Each structure stands twice: as C-alpha cells, then as structure tokens.
Amino acid sequence: MLKLYVAPGSCSLASHIALEEAGAAYEAERVALGQGAQQRPEFLAVNPKGRVPALVTDRGIITETPAILTYIAQAFPAAELAPLSDPFAVAQIQSFNSYLCSTVHVAHAHRMRGSRWSDDAAVIEALKIKVPTNMAACFELIETRMLAGPWVMGDTYSIADPYLFTLASWLEADGVDPARFPRVKDHSKRMAERPAVKAVMDWLKG
Ligand SMILES: N[C@@H](CCC(=O)N[C@@H](CS)C(=O)NCC(=O)O)C(=O)O
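Our subject in this report is the structure included herewith.

**Quick look at the packing of helix H1 (residues 12-22) against helix H9 (residues 195-205)**
Two elements in contact, H1 and H9, have axes whose closest approach is 9 Å; the angle formed by their N-to-C orientations is 125°. By the angle between their directions, the pair H1 and H9 is classed as oblique. Classified by chirality, the crossing of H9 by H1 is right-handed. Here H1 contributes Leu13, His16, Ile17, Glu20 and Glu21 to the contact with H9, which in turn contributes Ala196, Val197, Ala199, Val200, Met201, Trp203 and Leu204.

Written as structure tokens, this is what we have:
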C-alpha cells in the first residue's frame, strides 16, 4: 500500500488530495515539522531532504510534489487526473506545477524558512519583507494568465488543481489579501466543496 508522509498546512496537501481523488489505497502519516521531526533519523531514512511530502511506493520513494502528482495521475489512470495521451496538455500541467514548485513555493518559504539562505538573524528578518509583494506578483500572473477556469486547465479537473488550492491557502498568512484574486478565490471555494478535499481536511483536523 502507498504511504504518504504529510504535515498539516504544508504542500503535502496537494498530493494527499490527489491520492484521495484517485481512490488510491494509501495511508498517511504525519510528520511534526514544528517539533523538528523531519530531521530525525527515522524520517531522514525516508527522505534525506528532510521535507514532506514523501510517497512510499512498492518500487521506492518519490519526493517533490510535481513528481508525486504525476505519479498518482499515471498510476491511477481511471481517475483521469491528467490527459495522459496528450503530450502538449501534460506539458502544460507540468509547466503550471513546476511554476508552483520552483517559484511560488520558494517565494513563500522566505517567510518561515529564511535560515535556508542565511545564518544572520537580521538577514532572515529582511528576507520576509518582500514575501507579500512576491506572492502577490505570482498570483497576479496565475489569476490573469495561467488559470484557464473553472479548473486550472479549463473544463477538466487535473493534478494542477489541488496544488493551486494548496498554495493559494497560504496567501493570507503571507500578507496578501486573497480577495485581490477573485478567480483564484472562486477556484479555492470550488475545491473546498469536493468530497476528496473535505475528506482530507477532516483527516488533518482529526
Ligand atoms: N520542492 C518540494 C518542497 C518540499 C517542502 O519544502 N516541504 C516543506 C513543507 S511545505 C517542508 O517539509 N519543510 C520542512 C523544513 O523545511 O524543515 C516539494 O514541492 O515537494
């Protein structure tokens, strides 16, 4: 059975929702990031990067959200979480998810994880200053150019949707008013109504 390592409020939410949407047989295990559990030997044996998500499969462990999401879409084709037979459409999904992973998530990480870039407390504080501006710029692009609507890729729900939902949920804490992005806000609202999303949210609360 698949096993996903997760943490509430983290980017693992996207993979967690995708597993639920896929109807996969899986178990989820929490990693207490606030207590530093990601740096304990037992978790580093799973993911030497010390991050969630990590998906344990019968062939080995997958890390990095875009890779996990693509694996889920390919491993559970009946769930139709990606247009697998259309190379261009799959590339568009990869492009969107790569942007979230390599640009939006990194912009967000400057608020809580400044110690990745500096050991100087003053620099770590200074790194937080541009988070609202950078996150707003990323979401302006998503709102006006990248989100086709109603789902990320248009009429069809895909593995890009839980990932956008996850990163959009960080906006307020990052100092950005989600009301500035009504199409993204509407997307989040529709996502929150999906049974798979409700199931994951209930599990995380429990
Ligand atoms: N590029 C990775 C990023 C993973 C990542 O940074 N996860 C965060 C939670 S959102 C984490 O585990 N942080 C723990 C830490 O930095 O110690 C992905 O997209 O999966």
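**Points about the packing of helix H4 (residues 87-112) against helix H6 (residues 131-146)**
H6 packs onto H4 with a crossing angle of 160° between their chain directions and a minimal axis gap of 8 Å. Classified by the interaxial angle, the pair formed by H4 and H6 is roughly antiparallel. In this structure, the crossing between H4 and H6 has a hand that is left-handed. In this structure, H4 contributes Phe96, Tyr99, Leu100, Thr103, Val104, Ala107, His108, His110 and Arg111 to the contact, and H6 contributes Val131, Asn134, Met135, Cys138, Phe139, Leu141, Ile142 and Met146. The residue inventory of the contact of H4 with H6, partitioned by class, reads 12 nonpolar, four polar and one charged.

**Structural notes on the packing of aromatic side chains**
Tallied over the full model, the rule gives three aromatic pairs. Ring geometry for Tyr5 against Phe43: centres 5.4 Å apart, planes inclined by 65°, an arrangement best described as edge-to-face. In this pair, Tyr5 sits in strand S1 (residues 2-6) while Phe43 sits in helix H2 (residues 41-44), placing the two residues 38 residues apart along the sequence. In this structure, Tyr5 and Phe43 share a single accessibility class: buried.

**Thoughts on the site of the ligand**
Taken together, the neighbourhood of the ligand is formed by 14 residues, with Gln38, Val52, Glu64, Thr65 and Arg116 sitting nearest. The contact in question runs from an oxygen atom of the ligand to an N or O atom on the side chain of Gln38, over 2.8 Å. Note that a nitrogen atom of the ligand is positioned 2.6 Å from one of the side-chain N or O atoms of Glu64. The protein chains hide 89% of the 510 Å² of surface that the ligand would expose on its own. Across the shell around the ligand, the residue classes break down as five nonpolar, five polar and four charged. Two domains each put at least three residues into the shell around the ligand: domain 1 (2-80 + 198-205) and domain 2 (87-194).

Definitions and cut-offs
Position numbers for residues start from 1 in each chain and track the written sequence from start to end. Restriction of local features to residues with pLDDT of at least 70 applies here, the model being predicted, together with a cutoff of 80 or more for giving and counting side-chain atom pairs; totals for whole chains, interfaces and linings are based on all residues. Only hydrogens and water are set aside when side-chain values are computed; all heavy atoms of the structure are taken into account. Axis angles are defined between N-to-C directions and span 0 to 180 degrees, where every axis is a line fitted to C-alpha atoms and, for a helix, only to the segment in contact. Each helix is a run of H or I in the DSSP string that is no shorter than four residues. Each strand is a run of E no shorter than two, and both are numbered from the N terminus. In this scheme, roughly parallel covers angles under 35 degrees and roughly antiparallel covers those over 145, while 65 to 115 is roughly perpendicular and the rest are oblique. We call a crossing left-handed when the near helix sits turned anticlockwise from the far one by less than a right angle, and right-handed when that turn is clockwise. Contacts: residue pairs with any heavy atoms within 4.5 Å of one another. When residues are sorted by character, Ala, Val, Leu, Ile, Met, Phe, Trp, Tyr, Cys and Pro go into the nonpolar class, Asp, Glu, Lys and Arg into the charged class, and all the rest, Gly among them, into the polar class. The rule is short: rings of Phe, Tyr and Trp, with Trp giving its six-membered ring, pair when the centres are within 6.5 Å, and they are stacked under 30 degrees, edge-to-face over 60, tilted in between. Between buried and exposed lies partly exposed: a residue is buried under 20% and exposed over 50% of the maximum accessible area for its type, with that area taken using a 1.4 Å probe on protein chains only. Being near a molecule or strand, for a residue, means having at least one of its heavy atoms within 4 Å of it. In protein, a polar contact means a hydrogen-donor-capable atom and an acceptor-capable atom, both N or O and within 3.5 Å, with residues adjacent in sequence counting only if both atoms are side-chain atoms; elsewhere, any N or O pair within 3.5 Å suffices. Calculation of accessible area relied on Shrake-Rupley with a 1.4 Å probe; when residues are assessed, cover is drawn exclusively from the protein chains displayed. Residue ranges for the domains trace back to a domain assignment, done automatically or taken from a database.

Purely geometric numbers; function is a separate question.
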